[in-house]
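Chain residues, written in single-letter form:
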Amino acid sequence: MFTIEEYTIEKLNDPTGLLTGDIYEYKLFIHVDEEDELYTENGVYVRVIFKIENDQKKISQASFHERVSDRYIDFELEEDEEELILQFCINNLPQDLE
């Protein structure tokens, strides 16, 4: 398990108009214990694509990346981590959506 230390959020625009709803990219900079196999000296963040459509809020995609290089790290979210991230994203939506 990890803890979220800081984050950024950006609303994504679809110039093609193919995607519906509001889509946000979160970068969740996390603390990972040195004993965890996900740990790297350069730090880790989770890139989350979060979608809101018809009052439904969900994670469309989530992936781990090395903080310094942006290199993809091949790990899957565990169920409790996914729930933590979902609640974090919902609780940290831009003010104009609440």
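Structural data are supplied above this passage.
The structure reproduced in this document is the subject of the present report. (Residues numbered from 1 in each chain as written. Predicted model: local features only at pLDDT ≥ 70, side-chain atom pairs only at ≥ 80, totals over all residues. Heavy atoms only, no water.)

1. Some points on the packing of aromatic side chains
Right, so step 1: Scanning all chains against the criterion turns up six aromatic pairs.
Right, so step 2: Measuring from centroid to centroid gives 5.0 Å for Tyr7 and Phe88, while their planes differ by 85 degrees, and the two rings are edge-to-face. With Tyr7 in strand E1 (residues 3-12) and Phe88 in helix H1 (residues 79-91), this pair connects stretches of sequence that are 81 residues apart.
Right, so step 3: Ring geometry for Phe29 against Tyr45: centres 5.5 Å apart, planes inclined by 50 degrees, an arrangement best described as tilted. With Phe29 in strand E2 (residues 22-31) and Tyr45 in strand E3 (residues 44-53), this pair connects stretches of sequence that are 16 residues apart.
Right, so step 4: Using a relative accessible area of 11% as the deciding quantity, one classes Phe29 as buried.
Right, so step 5: Owing to a relative accessible area of 4%, Tyr45 belongs among the buried residues under this scheme. (Phe/Tyr/Trp six-rings, centres within 6.5 Å; stacked < 30°, edge-to-face > 60°. Helix = DSSP H or I, 4+ residues; strand = E, 2+ residues; numbered from the N terminus. Buried < 20%, exposed > 50% of the residue type's maximum accessible area, 1.4 Å probe, protein only.)

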